[in-house]
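# Structural features, examined
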Amino acid sequence: MTKEKSLDELPLMETHEGIVLFHPNIPKNAVQYLENVLNTRWIGQGPRVEEFEHMFNSKFAYPCKSLAVGSGTDALHLSYLLADIQPDDEVIVPVFTCTATNIPLLYIGAKIVFCDIDENLNIDANAIEDLITEKTKAIVCVHYGGLPCDMDKLWELGRKYDLKIIEDAAHALGARYKGKIIGSESDFSMFSFQAIKHVTTGDGGMLTIKDPELVEKAKRLRWFGIDRLKKQKGIWENDIVEVGYKYQMTDLAAVLGIASLEEFDEHLEHRQRLYKKYCEVLAGVEGIRIIGAEYEDREHAAWLLTAEVDDRDNFMRHLRNHDIESAQVHYRNDRYTIFGGRQEGKFPNMDRMEDRYIVLPLHAKVTECDVERIAEVIRKGW
Ligand SMILES: Cc1ncc(COP(=O)(O)O)c(C=O)c1O
């Protein structure tokens, strides 16, 4: 009989040991494109960054404008600055997300107002209005796992109270809401190209901006507050009148992004096929429900396969005893001291889900046979 493993004894698995939770998606042209860049004068921010921005923009963001940056977190920070969020302004955010959604608000000194989640772990659009005060400046939503939030309600609140709507679409590249591609509608949307996202540039991100008048400012904030074009023309005496950051993307990163976009449609289809397969093979299995599966007006980007399960610890141990990784990935953010600590009883849906959600393997290396195997293990019971 296999010895039951304790949860504390579950270090990350190696790829050859079983079905791992995440794996980078490296496109076939990556090495060639990197070699080409390494043989040019530009390895930092150069012409390939602009090429990547154009490619991205026409596919995901038009009529917004796209700005490539060093990480998704950089993109979020820039969006908060461009939304003119000031110290003590209030910003409504979901209580359940990656900490990267919220930490840049602390850079600014804004007040984070957590909102409960819905049954799909997205922000509960019906709970937002009660949180709006005179100090509210923006609403940030996160399309958790790749399922778009209830955007009509958010845009309506934005119009009604004159608030900026910022979409954290780190998980949602290629997702659609009522036919509209995510990234093309709100004041700001951000994407992440960190190691295990649909598109990876090692680390990187994209900010899409609705107001064309903010684009030049965004470019300056991306690079110390300096107008790079003027500098490149040799005009060194241009003043710096705003504090900027070093948030640019490099050409090395951009070519990885370009190579990934060339294969994006196939990759998204693969992920969506696996998601659908999980739904089929786990339909009717007692004690498990797949999150975010029941929407006809939204196209899921299938970054994460998250399920709600009974007895999560035993579920994880059971999978691991069969060499299958699983994890929570993100945690409720009010557990962290930097965000003020736990707010007991304020988020009933979060409280109910806290010990029940689990993420299962779904990525470029997972096959439909792997999903069948995972389902077989689950069906044995845990
Ligand atoms: C929901 C969410 N927002 C923001 C980020 C930050 O993106 P990055 O890691 O590219 O800075 C991540 C993480 O990858 C994320 O999962």
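Source: prediction; values computed, not measured.

### A short note on the domain arrangement of the chain
Assigned domains within the chain: domain 1 (7-25 + 263-379) and domain 2 (30-262). Using only C-alpha atoms to locate each centre, domain 1 and domain 2 end up separated by 25 Å. Taken together, the contacts link 39 residues of domain 1 with 45 residues of domain 2. When the two sides are added together, the surface that domain 1 and domain 2 hide from each other amounts to roughly 3,600 Å², 62% of it contributed by carbon and sulfur. By the criterion of area lost to domain 2, the three top residues of domain 1 are Phe264, Arg298 and Trp303, representing 20% of everything that side buries. Summed over the shared surface of domain 1 and domain 2, the result is one salt bridge. Between Asp265 and Lys59 there is a salt bridge; the shortest N-O distance is 2.7 Å. Connecting domain 1 to domain 2 are 25 residue pairs in polar contact (both at pLDDT 80 or more). Among the elements of the structure, α9 (264-282), β12 (298-299), β14 (331-332), α11 (348-353) and β15 (357-360) are those that each provide at least two residues to the side of domain 1 that touches domain 2. Take the side of domain 1 that touches domain 2: its biggest share by element is five residues, from α9.

### Examining the environment of Gln45
Its place among the elements puts Gln45 in the loop between α1 (30-38) and α2 (47-61). Judged by its relative accessible area of 14%, Gln45 falls in the buried class. In sequence terms Gln45 and Glu354 are 309 residues apart; their C-alpha atoms lie 42 Å from each other. Here Gln45 is in contact with Arg222, Trp223, Arg228, Gln248, Met249, Thr250 and Asp251, once residues within four sequence places are set aside.

### Side note on the side chain of Glu53
Among the structural elements, Glu53 can be located in helix α2. Apart from the residues lying within four places of it in its own chain, the contact partners of Glu53 are Ser66, Leu67, Ala68, Met206 and Arg222.

### Some remarks on the sheet that holds strand β10 (residues 205-209)
In spatial order, the strands read β1-β10-β9-β6-β5-β2-β4; together these seven strands make up an open sheet with mixed pairing. Looking at which strands have only one partner, the edges of the open sheet turn out to be β1 (65-69) and β4 (111-115). Within this sheet the neighbouring strands show an average axis-to-axis angle of 20°, counted without direction. Alignment of strand β9 (residues 188-192) against β10, held across five bridges, turns out to be antiparallel. Bridge pairing in β10 links Met190 to Leu207. Here helix α5 (residues 151-161) sits on the sheet and contacts β5 (136-142) and β6 (164-168); the angle it forms with β6, its principal contact strand, is near 150°. Across the sheet, helix α6 (residues 215-222) lies against β1 and β10, angled at about 0° from β1, the strand it touches most.

Definitions and limits used
- Residues numbered from 1 in each chain as written.
- Predicted model: local features only at pLDDT ≥ 70, side-chain atom pairs only at ≥ 80, totals over all residues.
- Heavy atoms only, no water.
- Domains from an automatic or database assignment.
- Contact = heavy atoms within 4.5 Å.
- Buried area = accessible area lost by both parts, 1.4 Å probe.
- Salt bridge = Lys/Arg side-chain N within 4 Å of Asp/Glu carboxyl O.
- Polar contact = N/O pair within 3.5 Å; in protein donor to acceptor, adjacent residues only side chain to side chain.
- Helix = DSSP H or I, 4+ residues; strand = E, 2+ residues; numbered from the N terminus.
- Buried < 20%, exposed > 50% of the residue type's maximum accessible area, 1.4 Å probe, protein only.
- Pairing = 2+ DSSP bridges.
- Axes fitted to C-alpha atoms, helices over the stretch in contact; angles between N-to-C directions.

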